[in-house]
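Analysis of the macromolecular model
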There are 2 protein chains.
Amino acid sequence: MKITYKGDYALKTILDLAGHFGSAPVAINDLSKRLDIPTKFLEQILLDLKRAGFVESRRGKIGGYSLAKEPAKITLGEVVRFIDGPIGPIACVDKQYSGCHDVESCVFRNIWSQVGNSISKIIDQVTFEDLLKRTNKANKTFNYQI
Amino acid sequence: MKITYKGDYALKTILDLAGHFGSAPVAINDLSKRLDIPTKFLEQILLDLKRAGFVESRRGKIGGYSLAKEPAKITLGEVVRFIDGPIGPIACVDKQYSGCHDVESCVFRNIWSQVGNSISKIIDQVTFEDLLKRTNKANKTFNYQI
DNA sequence: TGTATACTCTACTAACATAGTAGAGATTAT
DNA sequence: ATAATCTCTACTATGTTAGTAGAGTATACA
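Now for a quick tour of the structure.

Reading guide: rules and limits
Residues numbered from 1 in each chain as written. Chains lettered and ligands numbered in written order. Predicted model: local features only at pLDDT ≥ 70, side-chain atom pairs only at ≥ 80, totals over all residues. Heavy atoms only, no water. Helix = DSSP H or I, 4+ residues; strand = E, 2+ residues; numbered from the N terminus. Buried < 20%, exposed > 50% of the residue type's maximum accessible area, 1.4 Å probe, protein only. Near = heavy atom within 4 Å. Polar contact = N/O pair within 3.5 Å; in protein donor to acceptor, adjacent residues only side chain to side chain. Nonpolar A, V, L, I, M, F, W, Y, C, P; charged D, E, K, R; others polar. Core = buried A, V, L, I, M, F, W, Y, C linked by side-chain atoms within 4.5 Å. Contact = heavy atoms within 4.5 Å.

This next bit is on the environment of arginine 59 of chain B. All names here are of chain B. Examined against the element boundaries, arginine 59 turns out to sit in the loop between β1 (55–58) and β2 (64–67). Under the relative-accessibility criterion, arginine 59 is labelled exposed at 81%. Spatially, the C-alpha atoms of arginine 59 and alanine 27 are 9.5 Å apart, while their sequence positions differ by 32 residues.

Given below as structure tokens:
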């Protein structure tokens, strides 16, 4: 697994929208500025996220994007898998792989599979509500430090 | 982290050499055929592994490659890191990353860091001696099944 | 009904990484 | 000598990533 910029941007965007859950939709431009993501790139990402059902949109003057589900119902794992693909560190874990044709290879595959599982255990447990709480907490701590 | 073909080939090669540890060096050609790796690509990989001190070579007629240390003293993690780079799923875990400049981002970084640690815990513990044993065991089982 | 604002969609592109290929050169056993 | 084997540098095809560009569609509001 590798988190690309696209994946990173998607996660940050969803976290931002999670912070506005229940309020008015947020315009791409606002997200783009606040999160420092190239606007046109973010457009594409949001369209992807919309097609996947993570966010919904509203066009026109007071339009923008909002989360399609409660933050507690979206996990980090779902989003990462959708944007950046399978979690396994090598293709053979998830699908057919030309390189693996004898027993020896399985010794490694077994380990890559373990690795995949241990990653999943972490990211499939964390929801955006969790992340939101941590963010707030972090900000509070940050304020105390000032 | 993503295991590339190069990484996969390197691991399989070292495991093969581990199986020949203490015996005569193995020629690139033999490795190439046995492991089904393009010869010229394998050459490059072996040169890299040699520079890193994992293997040593001997030129000339009875030349070839052999493991430079005992199989028990080489971990999967060392080789993976050397060939395919840092373990973390995103650059920000390992070095400076332009995308991370406010507190919010740290929520994710914290998780990617956890992910990196849990991967390390697995691959830094497994040595090529372990893998060798598992291979032998697997082959034995395989034979019984026939 | 016009217009500004915002999302929608498709196509294109520069830069980089991956997975090789090619070929000339150096060393060693016999 | 010469055959076998490692050594080194350069080149290349393909795919992925991280965008950019621009025309089109929907909606609020005056």
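Further notes follow.
This next bit is on the protein's contact with DNA strand C. Neighbouring residues of DNA strand C: 29 residues in total, closest Lys50 and Tyr65 of chain A together with Lys40, Gln44 and Arg59 of chain B. Counting only atoms of DNA strand C within 4 Å of the protein, the sugar-phosphate share comes to 71%. Lysine 50 of chain A places a polar side-chain atom, nitrogen or oxygen, 2.3 Å from a phosphate oxygen of DNA strand C. A distance of 3.2 Å separates a phosphate oxygen of DNA strand C from a polar backbone atom of tyrosine 5 of chain B. When residues of the surface near DNA strand C are traced back to their parent elements, those giving at least two are α3 (39–51), β1 (55–58) and β2 (64–67) of chain A together with α1 (5–19) and α3 (39–51) of chain B. Class assignment for the residues of the surface near DNA strand C results in ten nonpolar, eight polar and eleven charged.

Right, let's get into the protein's contact with DNA strand D. Surrounding DNA strand D, one finds 29 residues, the nearest of these being Lys40, Gln44 and Arg58 of chain A together with Lys50 and Tyr65 of chain B. Close to the protein, within 4 Å, the atoms of DNA strand D are drawn from sugar and phosphate at a rate of 69%. At 3.2 Å, a backbone N or O of tyrosine 5 of chain A approaches a phosphate oxygen of DNA strand D. Lysine 40 of chain A is positioned with one of its side-chain polar atoms (N or O) 2.3 Å from a base oxygen of DNA strand D. Those elements giving two or more residues to the surface near DNA strand D turn out to be α1 (5–19) and α3 of chain A together with α3, β1 and β2 of chain B. Its residues assigned to classes, the surface near DNA strand D shows ten nonpolar, eight polar and eleven charged.

Turning to the nonpolar core, a few remarks are in order. Within the largest apolar cluster, 84 residues are counted, with the highest numbers of intra-cluster contacts made by Trp112 and Phe128 of chain A together with Trp112 and Phe128 of chain B. Beyond its immediate chain neighbours, meaning those up to four positions away, phenylalanine 128 of chain A contacts Leu11, Ile14, Leu15, Ala18, Pro71, Ile74, Thr75, Leu76 and Val79 of chain A together with Phe108 of chain B.

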